[in-house]
Amino acid sequence: MSADPAKAGATSTPGPFRVGLLGHGTVGAAFAELLAERAAEIERFNGRRPVITGVLTRTRGSFAEVLAGADLLVELIGGTEPAREYLLAAMRAGKDVVSANKQLLSQHGEELFAVAREHGVRLRFEAAVAGAVPVVRLLEESLAATPIERIHGIVNGTTNFILSEMARGSDYAQALAEAQRLGYAEADPSDDVSGRDAAAKMAILARLAFGAPVRLEDVRYEGIEQLRGDDLEYARELGLGLKLIGTAERREGGISVRVHPAFLYSGHPLSSVSGPFNAVTVESEAVTEITMSGPGAGGPQTASAVLGDVVSVMTGGARPPAPPLELPLLEDVESAFYLHLEVADRPGVLAAVTRVLEEQGVSIKSFVQRGRAAPDARSATAPDVRLVMVIHPLAESRLREALRVLAELDFVRSEPRAIRVIEEEFV
Ligand SMILES: NC(=O)c1ccc[n+]([C@@H]2O[C@H](COP(=O)([O-])OP(=O)(O)OC[C@H]3O[C@@H](n4cnc5c(N)ncnc54)[C@H](OP(=O)(O)O)[C@@H]3O)[C@@H](O)[C@H]2O)c1
(Lines give C-alpha, C1' and ligand atoms only; values in the text may rest on other atoms or scores of the structure.)
Protein backbone atom coordinates (compact mmCIF):
# COMPACT_ATOMS: atom_id res chain seq x y z
CA MET A 1 0.00 0.00 0.00
CA SER A 2 1.32 3.47 -0.88
CA ALA A 3 2.32 5.79 2.02
CA ASP A 4 0.12 8.49 0.48
CA PRO A 5 -3.03 6.79 -0.75
CA ALA A 6 -4.43 10.03 -2.23
CA LYS A 7 -1.57 10.11 -4.73
CA ALA A 8 -1.46 6.39 -5.45
CA GLY A 9 -1.75 5.41 -9.15
CA ALA A 10 -4.67 3.16 -10.12
CA THR A 11 -2.60 0.08 -10.78
CA SER A 12 0.72 0.86 -9.09
CA THR A 13 -0.02 -0.45 -5.62
CA PRO A 14 -0.42 -4.09 -4.68
CA GLY A 15 -3.23 -5.31 -2.41
CA PRO A 16 -6.90 -4.53 -2.86
CA PHE A 17 -8.04 -2.20 -5.63
CA ARG A 18 -9.83 0.54 -3.72
CA VAL A 19 -13.04 1.86 -5.23
CA GLY A 20 -14.71 5.04 -3.92
CA LEU A 21 -18.43 5.15 -4.69
CA LEU A 22 -20.25 8.45 -5.22
CA GLY A 23 -24.01 7.80 -5.11
CA HIS A 24 -25.79 4.79 -3.66
CA GLY A 25 -29.16 4.89 -5.42
CA THR A 26 -30.63 2.50 -8.01
CA VAL A 27 -27.35 1.94 -9.85
CA GLY A 28 -24.94 2.66 -6.97
CA ALA A 29 -26.53 0.08 -4.65
CA ALA A 30 -26.70 -2.52 -7.45
CA PHE A 31 -23.05 -1.80 -8.29
CA ALA A 32 -21.93 -2.27 -4.64
CA GLU A 33 -23.80 -5.56 -4.50
CA LEU A 34 -22.42 -6.83 -7.82
CA LEU A 35 -18.87 -5.83 -6.92
CA ALA A 36 -19.07 -7.74 -3.62
CA GLU A 37 -20.45 -10.77 -5.47
CA ARG A 38 -17.81 -10.71 -8.22
CA ALA A 39 -14.75 -9.54 -6.23
CA ALA A 40 -13.21 -13.00 -5.75
CA GLU A 41 -13.60 -13.88 -9.42
CA ILE A 42 -12.09 -10.56 -10.50
CA GLU A 43 -9.16 -11.18 -8.15
CA ARG A 44 -8.72 -14.67 -9.60
CA PHE A 45 -8.02 -13.42 -13.13
CA ASN A 46 -6.68 -10.00 -12.30
CA GLY A 47 -4.58 -10.50 -9.19
CA ARG A 48 -6.28 -7.72 -7.20
CA ARG A 49 -9.56 -7.74 -5.33
CA PRO A 50 -11.76 -4.67 -5.85
CA VAL A 51 -13.25 -3.36 -2.60
CA ILE A 52 -15.44 -0.37 -1.89
CA THR A 53 -13.50 1.78 0.54
CA GLY A 54 -15.89 4.73 0.83
CA VAL A 55 -19.43 5.77 -0.10
CA LEU A 56 -20.82 9.26 -0.54
CA THR A 57 -24.54 10.12 -0.64
CA ARG A 58 -26.43 13.25 0.30
CA THR A 59 -26.49 12.12 3.92
CA ARG A 60 -23.45 9.93 4.26
CA GLY A 61 -19.68 10.23 3.86
CA SER A 62 -17.26 13.02 2.95
CA PHE A 63 -15.94 13.50 -0.57
CA ALA A 64 -12.41 14.26 0.61
CA GLU A 65 -12.27 11.04 2.63
CA VAL A 66 -13.75 8.88 -0.13
CA LEU A 67 -11.23 10.36 -2.59
CA ALA A 68 -8.25 9.94 -0.29
CA GLY A 69 -9.02 6.29 0.35
CA ALA A 70 -9.58 5.22 -3.29
CA ASP A 71 -7.57 4.20 -6.34
CA LEU A 72 -10.56 4.86 -8.56
CA LEU A 73 -13.84 6.78 -8.16
CA VAL A 74 -17.17 5.61 -9.52
CA GLU A 75 -19.66 8.47 -9.98
CA LEU A 76 -23.31 7.36 -9.83
CA ILE A 77 -24.89 10.58 -8.56
CA GLY A 78 -26.23 11.90 -11.89
CA GLY A 79 -26.84 15.51 -12.99
CA THR A 80 -24.07 18.01 -13.66
CA GLU A 81 -23.18 19.38 -10.22
CA PRO A 82 -21.61 18.29 -7.92
CA ALA A 83 -20.78 15.27 -10.15
CA ARG A 84 -18.62 17.42 -12.47
CA GLU A 85 -16.73 19.03 -9.62
CA TYR A 86 -16.07 15.62 -7.99
CA LEU A 87 -14.85 13.97 -11.20
CA LEU A 88 -12.53 16.89 -12.00
CA ALA A 89 -11.10 16.84 -8.46
CA ALA A 90 -10.54 13.07 -8.63
CA MET A 91 -8.74 13.22 -11.98
CA ARG A 92 -6.63 16.16 -10.83
CA ALA A 93 -5.62 13.98 -7.87
CA GLY A 94 -4.42 11.36 -10.40
CA LYS A 95 -7.36 8.97 -9.93
CA ASP A 96 -9.04 7.06 -12.73
CA VAL A 97 -12.81 7.58 -12.84
CA VAL A 98 -15.91 5.73 -14.05
CA SER A 99 -19.26 7.43 -14.58
CA ALA A 100 -22.71 6.52 -15.92
CA ASN A 101 -23.66 10.16 -16.29
CA LYS A 102 -24.90 11.06 -19.78
CA GLN A 103 -26.00 14.58 -18.81
CA LEU A 104 -22.53 15.41 -17.56
CA LEU A 105 -20.61 13.81 -20.44
CA SER A 106 -22.82 15.31 -23.14
CA GLN A 107 -22.56 18.81 -21.68
CA HIS A 108 -19.06 18.91 -20.18
CA GLY A 109 -17.30 16.05 -21.95
CA GLU A 110 -14.49 18.14 -23.47
CA GLU A 111 -13.57 19.67 -20.12
CA LEU A 112 -13.49 16.22 -18.50
CA PHE A 113 -11.56 14.66 -21.41
CA ALA A 114 -9.01 17.50 -21.31
CA VAL A 115 -8.37 17.02 -17.60
CA ALA A 116 -8.13 13.22 -18.05
CA ARG A 117 -5.54 13.74 -20.82
CA GLU A 118 -3.61 16.32 -18.83
CA HIS A 119 -3.34 14.02 -15.81
CA GLY A 120 -2.94 10.78 -17.78
CA VAL A 121 -5.93 9.10 -16.13
CA ARG A 122 -8.75 7.01 -17.55
CA LEU A 123 -12.34 8.26 -17.79
CA ARG A 124 -14.71 5.37 -18.54
CA PHE A 125 -18.43 5.79 -19.19
CA GLU A 126 -19.89 2.67 -20.82
CA ALA A 127 -23.15 2.87 -18.85
CA ALA A 128 -23.81 6.47 -19.91
CA VAL A 129 -24.91 5.53 -23.43
CA ALA A 130 -26.84 2.29 -23.78
CA GLY A 131 -26.79 0.71 -20.32
CA ALA A 132 -25.50 -2.82 -20.60
CA VAL A 133 -24.90 -2.69 -24.38
CA PRO A 134 -21.11 -2.31 -24.74
CA VAL A 135 -21.12 0.20 -27.58
CA VAL A 136 -18.59 2.57 -26.00
CA ARG A 137 -16.09 -0.26 -25.74
CA LEU A 138 -16.85 -1.30 -29.33
CA LEU A 139 -16.05 2.20 -30.61
CA GLU A 140 -13.10 2.93 -28.31
CA GLU A 141 -11.38 -0.41 -28.55
CA SER A 142 -12.59 -2.97 -31.11
CA LEU A 143 -13.23 -0.38 -33.85
CA ALA A 144 -10.58 2.13 -32.71
CA ALA A 145 -8.74 1.76 -36.04
CA THR A 146 -11.86 1.61 -38.22
CA PRO A 147 -13.30 4.77 -39.80
CA ILE A 148 -16.96 4.91 -38.78
CA GLU A 149 -19.45 6.21 -41.31
CA ARG A 150 -22.71 6.06 -39.44
CA ILE A 151 -24.32 5.05 -36.16
CA HIS A 152 -28.03 4.46 -35.79
CA GLY A 153 -29.25 3.86 -32.26
CA ILE A 154 -32.35 3.07 -30.30
CA VAL A 155 -30.84 4.54 -27.15
CA ASN A 156 -33.93 5.25 -25.08
CA GLY A 157 -35.77 2.19 -23.80
CA THR A 158 -38.80 4.14 -22.52
CA THR A 159 -39.71 5.52 -25.93
CA ASN A 160 -39.00 2.20 -27.61
CA PHE A 161 -41.42 0.55 -25.21
CA ILE A 162 -44.08 3.22 -25.89
CA LEU A 163 -43.71 2.87 -29.68
CA SER A 164 -43.88 -0.94 -29.38
CA GLU A 165 -47.16 -0.58 -27.46
CA MET A 166 -48.49 1.88 -30.05
CA ALA A 167 -47.62 -0.57 -32.82
CA ARG A 168 -49.87 -3.05 -31.00
CA GLY A 169 -52.77 -0.64 -31.04
CA SER A 170 -52.41 1.53 -27.90
CA ASP A 171 -52.60 5.27 -28.25
CA TYR A 172 -49.73 7.44 -26.99
CA ALA A 173 -51.30 8.28 -23.60
CA GLN A 174 -52.16 4.64 -22.85
CA ALA A 175 -48.68 3.47 -23.84
CA LEU A 176 -47.01 6.13 -21.66
CA ALA A 177 -49.20 5.20 -18.68
CA GLU A 178 -48.23 1.54 -19.15
CA ALA A 179 -44.52 2.47 -19.31
CA GLN A 180 -44.94 4.35 -16.01
CA ARG A 181 -46.85 1.49 -14.40
CA LEU A 182 -44.05 -0.94 -15.28
CA GLY A 183 -41.36 1.46 -14.03
CA TYR A 184 -39.81 2.11 -17.48
CA ALA A 185 -40.78 5.79 -17.49
CA GLU A 186 -40.11 8.33 -14.75
CA ALA A 187 -42.96 10.26 -13.11
CA ASP A 188 -41.66 13.16 -15.26
CA PRO A 189 -40.89 11.44 -18.58
CA SER A 190 -40.20 14.66 -20.53
CA ASP A 191 -36.48 14.02 -21.19
CA ASP A 192 -37.32 10.61 -22.63
CA VAL A 193 -40.36 11.45 -24.78
CA SER A 194 -38.90 14.75 -26.06
CA GLY A 195 -35.82 12.94 -27.43
CA ARG A 196 -33.45 14.91 -25.15
CA ASP A 197 -32.17 11.83 -23.31
CA ALA A 198 -31.40 10.11 -26.63
CA ALA A 199 -29.77 13.31 -27.92
CA ALA A 200 -27.35 13.34 -24.95
CA LYS A 201 -26.37 9.74 -25.71
CA MET A 202 -25.94 10.42 -29.44
CA ALA A 203 -23.68 13.40 -28.62
CA ILE A 204 -21.44 11.01 -26.64
CA LEU A 205 -21.48 8.38 -29.39
CA ALA A 206 -20.69 10.97 -32.08
CA ARG A 207 -17.69 12.19 -30.06
CA LEU A 208 -16.42 8.62 -29.85
CA ALA A 209 -17.09 7.76 -33.48
CA PHE A 210 -15.78 10.91 -35.13
CA GLY A 211 -13.56 12.55 -32.51
CA ALA A 212 -15.47 15.82 -32.90
CA PRO A 213 -16.55 17.71 -29.76
CA VAL A 214 -20.33 17.24 -30.13
CA ARG A 215 -22.36 18.56 -27.20
CA LEU A 216 -25.99 18.01 -26.32
CA GLU A 217 -26.90 21.48 -27.60
CA ASP A 218 -25.44 20.59 -31.03
CA VAL A 219 -27.87 17.70 -31.49
CA ARG A 220 -31.22 18.42 -33.14
CA TYR A 221 -33.91 16.30 -31.61
CA GLU A 222 -37.60 15.58 -31.96
CA GLY A 223 -39.61 13.34 -29.66
CA ILE A 224 -42.55 11.03 -29.95
CA GLU A 225 -45.30 13.15 -28.33
CA GLN A 226 -46.83 14.21 -31.66
CA LEU A 227 -47.05 10.72 -33.16
CA ARG A 228 -50.44 9.22 -33.83
CA GLY A 229 -51.51 5.61 -33.83
CA ASP A 230 -52.82 5.84 -37.39
CA ASP A 231 -49.35 6.76 -38.68
CA LEU A 232 -48.12 3.42 -37.38
CA GLU A 233 -51.13 1.65 -38.86
CA TYR A 234 -50.72 3.04 -42.39
CA ALA A 235 -46.97 2.65 -42.33
CA ARG A 236 -47.37 -1.03 -41.56
CA GLU A 237 -49.15 -1.37 -44.91
CA LEU A 238 -46.05 0.12 -46.54
CA GLY A 239 -43.85 -2.41 -44.73
CA LEU A 240 -42.55 0.11 -42.17
CA GLY A 241 -42.16 0.11 -38.38
CA LEU A 242 -41.62 3.22 -36.26
CA LYS A 243 -38.70 3.82 -33.83
CA LEU A 244 -37.10 6.81 -32.13
CA ILE A 245 -33.74 6.76 -33.88
CA GLY A 246 -30.54 8.59 -33.05
CA THR A 247 -28.25 9.12 -36.02
CA ALA A 248 -24.63 10.21 -36.05
CA GLU A 249 -23.17 10.18 -39.53
CA ARG A 250 -20.34 11.44 -41.61
CA ARG A 251 -21.61 13.36 -44.61
CA GLU A 252 -19.57 15.14 -47.22
CA GLY A 253 -17.95 18.12 -45.52
CA GLY A 254 -18.99 17.35 -41.96
CA ILE A 255 -21.12 15.32 -39.60
CA SER A 256 -24.78 15.26 -38.70
CA VAL A 257 -26.08 14.22 -35.29
CA ARG A 258 -29.82 14.09 -34.71
CA VAL A 259 -32.67 12.23 -33.02
CA HIS A 260 -36.15 11.84 -34.44
CA PRO A 261 -38.89 9.28 -34.98
CA ALA A 262 -38.12 7.29 -38.10
CA PHE A 263 -39.71 4.51 -40.07
CA LEU A 264 -37.59 1.46 -40.81
CA TYR A 265 -38.17 -1.27 -43.36
CA SER A 266 -38.42 -4.72 -41.85
CA GLY A 267 -34.96 -5.72 -43.18
CA HIS A 268 -33.22 -3.08 -41.04
CA PRO A 269 -31.40 -4.60 -38.03
CA LEU A 270 -33.09 -2.13 -35.64
CA SER A 271 -36.63 -2.83 -36.87
CA SER A 272 -37.05 -5.94 -34.72
CA VAL A 273 -35.90 -4.27 -31.47
CA SER A 274 -39.06 -3.89 -29.41
CA GLY A 275 -39.95 -3.24 -25.78
CA PRO A 276 -37.68 -1.38 -23.33
CA PHE A 277 -34.47 -2.32 -25.14
CA ASN A 278 -31.57 -0.43 -26.63
CA ALA A 279 -29.71 -1.30 -29.81
CA VAL A 280 -26.99 0.34 -31.83
CA THR A 281 -25.91 -0.26 -35.41
CA VAL A 282 -22.43 0.86 -36.39
CA GLU A 283 -21.66 1.13 -40.08
CA SER A 284 -18.26 1.28 -41.69
CA GLU A 285 -16.97 0.31 -45.12
CA ALA A 286 -14.48 -2.02 -43.46
CA VAL A 287 -16.97 -3.99 -41.37
CA THR A 288 -20.27 -3.24 -43.23
CA GLU A 289 -22.52 -3.25 -40.19
CA ILE A 290 -22.40 -4.37 -36.55
CA THR A 291 -25.50 -4.35 -34.39
CA MET A 292 -25.65 -4.87 -30.64
CA SER A 293 -28.76 -4.86 -28.51
CA GLY A 294 -29.71 -5.42 -24.88
CA PRO A 295 -31.14 -3.75 -21.79
CA GLY A 296 -30.53 0.01 -21.81
CA ALA A 297 -31.34 0.63 -18.16
CA GLY A 298 -32.12 -0.98 -14.83
CA GLY A 299 -29.97 -1.07 -11.69
CA PRO A 300 -28.29 -4.49 -12.09
CA GLN A 301 -27.86 -4.15 -15.87
CA THR A 302 -26.29 -0.70 -15.63
CA ALA A 303 -24.17 -1.81 -12.67
CA SER A 304 -22.77 -4.61 -14.81
CA ALA A 305 -21.51 -2.06 -17.38
CA VAL A 306 -20.05 0.08 -14.57
CA LEU A 307 -18.21 -2.89 -13.09
CA GLY A 308 -16.94 -3.76 -16.59
CA ASP A 309 -15.39 -0.27 -16.73
CA VAL A 310 -13.77 -0.76 -13.33
CA VAL A 311 -12.24 -4.06 -14.46
CA SER A 312 -11.11 -2.41 -17.71
CA VAL A 313 -9.22 0.23 -15.70
CA MET A 314 -7.76 -2.45 -13.40
CA THR A 315 -6.45 -4.37 -16.39
CA GLY A 316 -5.10 -1.21 -18.05
CA GLY A 317 -7.40 -1.74 -21.04
CA ALA A 318 -8.31 1.84 -21.81
CA ARG A 319 -6.45 5.00 -22.73
CA PRO A 320 -7.08 8.62 -21.78
CA PRO A 321 -9.40 10.23 -24.36
CA ALA A 322 -7.95 11.62 -27.59
CA PRO A 323 -7.87 15.38 -28.27
CA PRO A 324 -10.87 16.69 -30.25
CA LEU A 325 -10.96 17.15 -34.03
CA GLU A 326 -12.76 20.05 -35.68
CA LEU A 327 -15.54 18.85 -37.99
CA PRO A 328 -18.45 21.06 -39.04
CA LEU A 329 -21.91 20.01 -37.92
CA LEU A 330 -24.36 19.90 -40.82
CA GLU A 331 -27.94 21.11 -40.35
CA ASP A 332 -29.81 20.42 -43.57
CA VAL A 333 -29.44 16.74 -44.46
CA GLU A 334 -31.37 14.58 -46.92
CA SER A 335 -33.86 11.94 -45.80
CA ALA A 336 -36.61 9.88 -47.30
CA PHE A 337 -39.98 10.75 -45.75
CA TYR A 338 -43.36 9.27 -45.04
CA LEU A 339 -46.11 11.81 -45.81
CA HIS A 340 -49.63 11.66 -44.44
CA LEU A 341 -52.26 13.95 -45.98
CA GLU A 342 -55.94 14.18 -45.16
CA VAL A 343 -57.72 15.57 -48.21
CA ALA A 344 -61.29 16.12 -49.38
CA ASP A 345 -62.70 13.14 -51.24
CA ARG A 346 -63.33 14.75 -54.62
CA PRO A 347 -62.13 14.22 -58.18
CA GLY A 348 -58.74 15.59 -59.22
CA VAL A 349 -57.29 15.82 -55.71
CA LEU A 350 -54.71 13.09 -56.18
CA ALA A 351 -53.51 14.61 -59.47
CA ALA A 352 -53.23 18.02 -57.79
CA VAL A 353 -51.20 16.63 -54.87
CA THR A 354 -48.89 14.82 -57.27
CA ARG A 355 -48.41 18.00 -59.33
CA VAL A 356 -47.54 20.09 -56.27
CA LEU A 357 -45.06 17.48 -55.08
CA GLU A 358 -43.44 17.30 -58.52
CA GLU A 359 -43.14 21.08 -58.65
CA GLN A 360 -41.37 20.95 -55.29
CA GLY A 361 -38.94 18.30 -56.58
CA VAL A 362 -40.50 15.53 -54.48
CA SER A 363 -40.63 12.08 -56.03
CA ILE A 364 -42.95 9.39 -54.70
CA LYS A 365 -41.60 5.92 -53.97
CA SER A 366 -44.74 4.17 -52.68
CA PHE A 367 -48.27 5.17 -51.99
CA VAL A 368 -51.49 4.03 -50.30
CA GLN A 369 -54.91 5.66 -50.26
CA ARG A 370 -57.26 4.75 -47.47
CA GLY A 371 -61.00 5.17 -46.83
CA ARG A 372 -62.75 8.02 -45.32
CA ALA A 373 -61.57 9.66 -42.15
CA ALA A 374 -64.05 10.58 -39.44
CA PRO A 375 -65.21 14.13 -40.19
CA ASP A 376 -63.64 16.81 -38.01
CA ALA A 377 -64.33 20.52 -37.58
CA ARG A 378 -62.65 21.39 -40.90
CA SER A 379 -64.31 18.59 -42.84
CA ALA A 380 -67.86 18.80 -41.56
CA THR A 381 -69.26 19.19 -45.07
CA ALA A 382 -67.30 16.53 -47.01
CA PRO A 383 -65.70 13.22 -46.09
CA ASP A 384 -61.90 12.96 -46.16
CA VAL A 385 -59.54 10.41 -47.58
CA ARG A 386 -56.02 9.80 -46.42
CA LEU A 387 -53.11 9.78 -48.81
CA VAL A 388 -50.07 8.08 -47.34
CA MET A 389 -46.82 7.86 -49.26
CA VAL A 390 -43.09 7.38 -48.94
CA ILE A 391 -41.03 9.89 -50.89
CA HIS A 392 -37.45 9.57 -52.12
CA PRO A 393 -34.69 11.40 -50.19
CA LEU A 394 -34.63 15.18 -50.27
CA ALA A 395 -33.18 17.92 -48.07
CA GLU A 396 -35.25 18.73 -44.99
CA SER A 397 -35.51 22.39 -46.00
CA ARG A 398 -37.13 21.37 -49.32
CA LEU A 399 -39.51 19.01 -47.54
CA ARG A 400 -40.57 21.83 -45.19
CA GLU A 401 -41.28 24.07 -48.19
CA ALA A 402 -43.32 21.31 -49.88
CA LEU A 403 -45.36 20.84 -46.66
CA ARG A 404 -46.00 24.57 -46.47
CA VAL A 405 -47.35 24.64 -50.05
CA LEU A 406 -49.47 21.52 -49.46
CA ALA A 407 -50.96 22.93 -46.25
CA GLU A 408 -52.28 25.95 -48.21
CA LEU A 409 -54.29 23.87 -50.71
CA ASP A 410 -58.02 24.24 -50.07
CA PHE A 411 -58.71 20.49 -50.22
CA VAL A 412 -56.03 19.60 -47.63
CA ARG A 413 -58.01 19.13 -44.45
CA SER A 414 -55.40 19.01 -41.69
CA GLU A 415 -51.72 19.81 -41.21
CA PRO A 416 -49.71 17.42 -43.46
CA ARG A 417 -47.55 15.09 -41.36
CA ALA A 418 -44.04 13.97 -42.31
CA ILE A 419 -41.84 11.37 -40.60
CA ARG A 420 -38.39 10.37 -41.77
CA VAL A 421 -37.74 6.96 -43.30
CA ILE A 422 -34.43 5.12 -43.01
CA GLU A 423 -33.96 3.20 -46.21
CA GLU A 424 -31.00 0.88 -45.62
CA GLU A 425 -31.96 -2.74 -45.15
CA PHE A 426 -28.68 -4.73 -45.01
CA VAL A 427 -30.33 -7.88 -46.34
N1 LIG B 1 -31.27 4.03 -13.21
C2 LIG B 1 -30.86 3.52 -14.36
O3 LIG B 1 -31.41 2.52 -14.85
C4 LIG B 1 -29.69 4.15 -15.11
C5 LIG B 1 -29.29 3.62 -16.36
C6 LIG B 1 -28.18 4.17 -17.02
C7 LIG B 1 -27.50 5.23 -16.42
N8 LIG B 1 -27.94 5.74 -15.23
C9 LIG B 1 -27.19 6.85 -14.65
O10 LIG B 1 -26.65 6.46 -13.40
C11 LIG B 1 -26.56 7.58 -12.54
C12 LIG B 1 -27.26 7.26 -11.21
O13 LIG B 1 -28.62 6.98 -11.48
P14 LIG B 1 -29.57 6.32 -10.38
O15 LIG B 1 -30.81 5.92 -11.10
O16 LIG B 1 -28.84 5.32 -9.59
O17 LIG B 1 -29.90 7.62 -9.45
P18 LIG B 1 -30.56 7.63 -7.99
O19 LIG B 1 -31.27 6.35 -7.71
O20 LIG B 1 -31.32 8.91 -7.92
O21 LIG B 1 -29.30 7.72 -7.00
C22 LIG B 1 -28.51 8.87 -6.89
C23 LIG B 1 -27.56 8.72 -5.71
O24 LIG B 1 -26.72 9.87 -5.70
C25 LIG B 1 -26.79 10.47 -4.41
N26 LIG B 1 -26.70 11.93 -4.54
C27 LIG B 1 -27.55 12.78 -5.14
N28 LIG B 1 -27.13 14.04 -5.04
C29 LIG B 1 -25.98 14.00 -4.34
C30 LIG B 1 -25.07 14.97 -3.88
N31 LIG B 1 -25.25 16.27 -4.13
N32 LIG B 1 -23.98 14.56 -3.18
C33 LIG B 1 -23.79 13.26 -2.91
N34 LIG B 1 -24.62 12.28 -3.31
C35 LIG B 1 -25.70 12.65 -4.01
C36 LIG B 1 -28.13 10.09 -3.85
O37 LIG B 1 -28.04 10.21 -2.46
P38 LIG B 1 -29.22 9.77 -1.44
O39 LIG B 1 -29.11 8.25 -1.39
O40 LIG B 1 -28.84 10.41 -0.16
O41 LIG B 1 -30.48 10.25 -2.05
C42 LIG B 1 -28.26 8.65 -4.35
O43 LIG B 1 -27.57 7.77 -3.51
C44 LIG B 1 -27.17 8.75 -13.32
O45 LIG B 1 -26.13 9.47 -13.97
C46 LIG B 1 -28.05 8.07 -14.34
O47 LIG B 1 -28.25 8.85 -15.51
C48 LIG B 1 -29.01 5.21 -14.55
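Residues numbered from 1 in each chain as written. Predicted model: local features only at pLDDT ≥ 70, side-chain atom pairs only at ≥ 80, totals over all residues. Heavy atoms only, no water.

**Points about the sheet that holds strand β3 (residues 72-75)**
What the five strands build is an open sheet, ordered β2-β1-β3-β4-β5; its pairing is parallel. Of all strands in the sheet, those with a lone pairing partner are β2 (50-56) and β5 (123-124), marking the two edges. Bridging between strand β4 (residues 96-99) and β5 involves two bridges; their strand directions are parallel. Residue pairing across strands places Val97 opposite Leu123, the latter belonging to β5. (Pairing = 2+ DSSP bridges. Helix = DSSP H or I, 4+ residues; strand = E, 2+ residues; numbered from the N terminus.)

**Thoughts on the site of the ligand**
In the vicinity of the ligand lie 21 residues, with His24, Thr26, Val27, Arg58 and Gly298 positioned nearest. Residue Gly25 places a main-chain N or O atom 3.2 Å away from an oxygen atom belonging to the ligand. Gly298 is positioned with one of its backbone polar atoms (N or O) 2.8 Å from an oxygen atom of the ligand. In isolation the ligand offers 910 Å² of accessible surface; the protein chains occlude 74% of this area. Secondary-structure elements contributing two or more residues to the shell around the ligand are α1 (26-46) and α4 (102-119). Among the residues forming the shell around the ligand, the class breakdown is eight nonpolar, 11 polar and two charged. (Near = heavy atom within 4 Å. Polar contact = N/O pair within 3.5 Å; in protein donor to acceptor, adjacent residues only side chain to side chain. Areas by Shrake-Rupley, 256 points an atom, 1.4 Å probe, with all protein chains shown as cover. Nonpolar A, V, L, I, M, F, W, Y, C, P; charged D, E, K, R; others polar.)

**Describing the pattern of salt bridges**
Summed over the entire model, instances satisfying the criterion amount to 36 salt bridges. The salt bridge involving Lys201 is made with Asp197; its shortest N-O contact spans 2.7 Å. Highlighted residues: Lys201 and Asp197, both in helix α10 (residues 196-210), separated by four residues, approximately one helical turn. The same class applies to Lys201 as to Asp197, namely buried. (Salt bridge = Lys/Arg side-chain N within 4 Å of Asp/Glu carboxyl O. Buried < 20%, exposed > 50% of the residue type's maximum accessible area, 1.4 Å probe, protein only.)

**Topic: the packing of helix α7 (residues 157-167) against helix α8 (residues 172-181)**
At their nearest, the axes of α7 and α8 sit 9 Å apart, and the two run at 130° to each other. Here α7 lies oblique to α8, going by the angle between them. Crossing handedness for the pair α7 and α8: right-handed. On the side of α7, the interface is formed by Phe161, Ile162, Glu165 and Met166, while α8 contributes Tyr172, Ala175, Leu176, Glu178 and Ala179. Looking at the contact of α7 with α8, its residues break down into seven nonpolar, no polar and two charged. (Axes fitted to C-alpha atoms, helices over the stretch in contact; angles between N-to-C directions. Parallel < 35°, antiparallel > 145°, perpendicular 65-115°, else oblique. Left-handed = near helix turned anticlockwise from the far one by under 90°. Contact = heavy atoms within 4.5 Å.)

**Focus: the side chain of His340**
Summarising the element assignment, His340 is placed in strand β12 (residues 334-344). A polar side-chain atom of His340 sits 2.9 Å from a polar atom in the side chain of Asp231. Discounting residues that sit within four places of it in the chain, His340 has contacts with Asp230, Asp231, Tyr234, Arg386, Leu387, Val388, Pro416 and Arg417.

**Structural notes on helix α6 (residues 135-142)**
Buried within α6 are the following residues: Val135, Val136, Leu138, Leu139 and Glu140. Elements in contact with the buried residues of α6: β5, α5 (127-130), β6 (150-154), α10, β10 (277-284) and β11 (288-295).

**Focus on unusual backbone geometry**
Between Glu81 and the following residue, Pro82, the backbone shows a cis peptide bond with an omega angle of 5°. Residue position: Pro82 is located in the loop between β3 and α3 (83-92).

**Quick word on the side chain of Asp197**
Residue Asp197 is classed as buried on the basis of its relative accessible area of 7%. Filtering out sequence-adjacent residues up to four positions away, Asp197 remains in contact with Lys102, Val155, Asn156, Asp191 and Asp192.

**Brief notes about the pairing of strand β14 (residues 384-395)**
Counting buried positions over the 12 residues of β14 gives 10, a clear majority of the element. As paired strands, β12 and β14 are joined by 10 bridges and run antiparallel to one another. Bridge pairing links Phe337 to Ile391 in β14.

**Some points on the confidence of the model for the chain**
Across the chain, pLDDT averages 91, with 93% of residues at or above 70. Note that residues 1-9 has pLDDT below 50 and, in this model, 18 contacts with residues that lie over four places away or in other chains. (pLDDT = per-residue confidence, 0-100.)

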